[in-house]
Amino acid sequence: MSKIKRHLITSALPYANGPLHLGHLAGAYLPADIYVRYLRLLGKDVLWVCGSDEHGAAITIRAKKDGVSPKVIIDKYHALNKNTFDALGISFDFYHRTSEEIHHKTSQDFFTKLYEKGDEFIEKVVEQYYDVAFNQFLADRYITGTCPKCGHTEAYGDQCESCGSTLSPTELIAPKSVLSGEAPILRETKHWYFRLDKHADWLKEWIETGILDGKQHHDPNSWRKHVTGQCLSWLNSGLQPRSITRDLDWGISVPLKDAEGKVLYVWFDAPIGYISATKQWALENGKDWESYWKGGEEVELIHFIGKDNIVFHCIVFPAMLKAHGDFVLPRNVPANQFLNFEGQKFSKSRGWGLEQHEYLQEFADFPNKEDALRYALLRTLPENKDSDFKWDEFVDFHDKDLADNLGNFLNRVMVLSHSYFNGVVPPAPSNWSEPLQRVFDIVEQWKTEMEKFSFKAASQSFMDVSSWGNTYLQENAPWSLYKANPTDPRIAEIMFTGLQVSAILAIMAEPFIPFTSKRINAMLGLNALPAESLRLFLNESVKQPFISSGSLLGTPEVLFPKIIDRKDTSRLSIIEKQKAKLQAIMEEEKDTSFPPLKPNITFDDFAKLDLRSGIILEAAVVPKADKLLVLKVDLGFEIRTIVSGIALHFSPESLTGKKVVVVANLEPRKLRGIESQGMLLLAERGTGELVFVGADQPMEGGWVVK
RNA sequence: GGCGCGAUAGCUCAGCCGGUUAGAGCGCAGGAUUCAUAAUCCUGAGGUCGGGAGUUCAAGUCUCCCUCGCGCUACCA
């Protein structure tokens, strides 16, 4: 019934300014790899593209910091990420990069096509910071200043990395150009905006009902709830035109005469990277890229991403594709939630978490390290809610599932087959498939789960087959039969069945733990499973044996030496080292860390401050704001209204009568509609604790503090 | 404050369009077994499905309110 002939799979393009951590792997790459390997097992026509996202200001900043060209940065991280993926068995069909010429051309053509439609873009002139000395406009990331929220002195124009708040450049206190170090000036510049608002109606219908152009495009119930939920939340709050150009010299130039010095916003060109990657792959492999991107109903497009990318892949990019015309839209976007690490968020600055390439280095001596990691992540994939990677669970999954259940079953079958039949597969009973009925049922269920992107559930089914095998051996106890009569024909039947289960496990293992799958095949004496029988096995009700009678088995080996092993503590010590590392970070953070001193100021700078003592007369919460209190403060000579962001630390009642120090000559500013005429001085330490400055001195309002 | 997602056995989580005694894995208790990596198999104990109200013949599953967690967003002069 399905018209699908080709599967086009994408994974979010990693940004090439740093390494990726285990959370990224679990979010967009491992699940896609599992799905793609599964489709390949079925013999489907599959194309999985990904690549490095190499534009954007963050890369140029990083380059400037390191004193190298952007090219050096992207080459470094493109290579690192590509090689690490490769080492972990992440089997992209093509891993491209957005700095390639073909991508620039594709993106520009895309832009031009939309531009020529006339009504997809609007032009707007806006005021933006400009560096006079360097004669150029400054992208958000090219401006630093003091964060208005936490006081961090090196906040970027779009984000403060100290407190994590999202900012806009004009919010920064004392903005400074990263280029010249000078204060930038505001100057007008023109930008192009993509009219997302124009596409709101059909997007809403498409997300809500799965109907596109009057036809059922996909089943909306097959999309994860948090995905449709977030999209509808966006759609309901109204779509705005979105700026798609930037004043920057690194990126894809905007292909218009009056757009000198402007490039496409990295978010506009990055998803087009999926298309250009397909083009390059097609060129190198003699294929037709359009049969994937413009194949209509014959194509299933799936985007694998993390939840931070949902809006882009479900709203912005589809709108771009639809505006362009001809392109297919995603049938599903199985976005994962976030993976935490031992209870906390991954944090590069804290050193909390583990990067992919670090894992490979630090587990260099760990047997089967790739599959051990893949399996641990698989079992804890954040498919529907945030999940947590824990080393204790890593050990459990490895020892209980991979070693005790799977590894031990295969070992039992091998050892028994060798001792009873000298490593030769015994003759097949005439009703060979009968005892395997239950296994076939589990495989069917496994297929359903794989196709629903429920990989965690599918991994359970995989283990169920192995468990079934263990039970089967236990109940039929060939060792007892052998003791009673070594030529009992039932022994051959039992071992034949056990070997078929082993082969089925090798197949099911392939998407999850591909390195092990190969080793199982080798152990079973199969170079690779014959593609044809595999296809029959998975696609048809007709089953046939995978290992034929008379063929020779390989030598048994222990697939997964356990981590918790009395005789050999080497693997456990690798894990213990990881746990110790985290422990050390926590210990260190217990001692309050002191923020670095700000640059010296002159006495004159200091003298500009006018500090006065005051007494809080009344305090109240500001409606519709979580953190704000509005205070009446008596300065002796007048009563001021001051809005302060301390609602999370103090209740209004506890503040009346409190003695405080006030910055009395601060420029008034409106906060949530209330004019704040000053600022309270508070001391804060690393733990987040807040206390009032000078609170217990015997002074009434009006004293001058200096 | 607004919006989204979540809250189910000690732990980690499944439970589709509401329908018989609420499931799995791990852990725990008891038993069986010895081919195997101190592995395996069986049995059992364990939940008023975050709290409250409502709709219904019937609610973990739908509606409303509340509490807590996560994310986005507004807000920290």
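This structure is a prediction, so every number in the text was calculated from the model and none was measured. (Residues numbered from 1 in each chain as written. Chains lettered and ligands numbered in written order. Predicted model: local features only at pLDDT ≥ 70, side-chain atom pairs only at ≥ 80, totals over all residues. Heavy atoms only, no water.)

**Details of the overall build of chain A**
The cut-off we apply is this: Secondary structure elements follow DSSP: runs of H or I no shorter than four residues count as helices, runs of E no shorter than two count as strands, and numbering proceeds from the N terminus. A simple rule labels every residue: compare its accessible area, found with a 1.4 Å probe on the protein chains alone, to the largest value its type can have, and call it buried under 20%, exposed over 50%, or partly exposed in between. Any pair of residues with heavy atoms lying within 4.5 Å of one another is described as a contacting pair. Here the open area of atoms and residues is found with the Shrake-Rupley method and a 1.4 Å probe, where only the protein chains shown may cover a residue.
What chain A contains, in helices and strands, is 20 helices and 27 strands. The proportion of buried residues among the 706 residues of chain A is 51%. A separation of at least 24 residues holds for 73% of the contacts in chain A among residues at least 6 apart in sequence. Of the roughly 32800 Å² that chain A leaves accessible, carbon and sulfur atoms contribute 50%.

**Examining the protein's contact with RNA strand B**
Defined as follows: By convention in this text, a residue qualifies as near a molecule or strand provided that one of its non-hydrogen atoms is within 4 Å of it. By the criterion applied in these results, polar contacts are pairs of N or O atoms within 3.5 Å in which, for protein atoms, one can donate a hydrogen and the other can accept it, and in which residues neighboring in sequence qualify only through two side-chain atoms. Residue polarity follows a fixed list, in which Ala, Val, Leu, Ile, Met, Phe, Trp, Tyr, Cys and Pro are nonpolar, Asp, Glu, Lys and Arg are charged, and the others, Gly among them, are polar.
Near RNA strand B you find 53 residues, and of these Ser233, Lys345, Arg566, Leu666 and Leu671 are the closest. Near-protein atoms of RNA strand B (within 4 Å) split between backbone and bases, with sugar and phosphate holding 70%. Here a sugar or linking oxygen of RNA strand B sits 2.7 Å away from a polar atom, N or O, in the side chain of Asp386. With respect to RNA strand B, the backbone of Gly678 contributes an N or O atom lying 2.6 Å from a sugar or linking oxygen. Within the residue set of the surface near RNA strand B, elements represented by two or more residues are α6 (225–236), α12 (391–421), α14 (455–476), α15 (478–484), β20 (639–644) and β22 (669–671). The residue inventory of the surface near RNA strand B, partitioned by class, reads 13 nonpolar, 19 polar and 21 charged.

**Brief notes about the pattern of salt bridges**
Where side chains of opposite charge bring their charged atoms close, a pairing between them can arise. What counts, and what does not: Whenever a carboxyl oxygen of Asp or Glu lies within 4 Å of a side-chain nitrogen of Lys or Arg, that contact is scored as a salt bridge.
Per the counting criterion, the structure on display carries 36 salt bridges. As a salt-bridge pair, Lys369 and Glu370 come within 3.6 Å of each other at their nearest N and O atoms. In terms of burial, Lys369 and Glu370 fall into one category: buried. Here Asp392 makes a salt bridge to Lys579, at a shortest N to O gap of 2.7 Å. Placement of Asp392 in helix α12 and of Lys579 in helix α19 (residues 570–590) is noted, with a sequence separation of 187 residues between them. Lys579 gets classed as partly exposed once you look at its relative accessible area, which sits at 28%. Salt bridges linked by common partners bring Asp33, Arg37, Arg374 and Glu510 together as one network.

**So, the environment of Phe546**
Tracing the chain through its elements places Phe546 in the loop between α18 (531–539) and α19. Sequence separation between Phe546 and Leu499 is 47 residues; the distance between their C-alpha atoms is 8.7 Å.

**A look at α14**
In plain terms, the rule: One less than the number of residues in a helix, times 1.5 Å, gives the span that helix is expected to have.
Between its first and last C-alpha atoms α14 spans 32 Å; for 22 residues at 1.5 Å apiece the expected length is 32 Å, and the two agree. Phi for Ala477, located one or two positions after α14, is positive at around 35°.

**Let's talk about the side chain of Ser502**
With respect to the helices, strands and loops of the structure, Ser502 is situated in helix α16 (residues 489–512). Residue Ser502 is classed as buried on the basis of its relative accessible area, which comes to 1%. Among all residues touching Ser502, those that are not within four sequence positions of it are Phe409, Leu410, Val413, Ile520 and Leu524.

**With respect to the sheet that holds strand β3 (residues 94–97)**
What counts is decided by this rule: Strand pairing is assigned whenever DSSP detects at least two bridges linking the two strands. Helix axes use the C-alpha atoms of the stretch in contact, all axes being lines fitted to C-alpha atoms, and the angles between their N-to-C directions lie in the range 0 to 180 degrees.
Spatially, four strands are ordered β3-β2-β1-β15 in an open sheet, and the strand pairing comes out parallel. Because the sheet does not close on itself, it has two edges, and the strands there are β3 and β15 (299–304). On average, adjacent strands in this sheet sit at an angle of 20° to one another, irrespective of strand direction. Where strand β2 (residues 45–52) and β3 come together, four bridges link them in parallel fashion. When the bridges of β3 are listed, Gly51 appears paired with His96.

Don't take any of this as a statement about function, it's just geometry.
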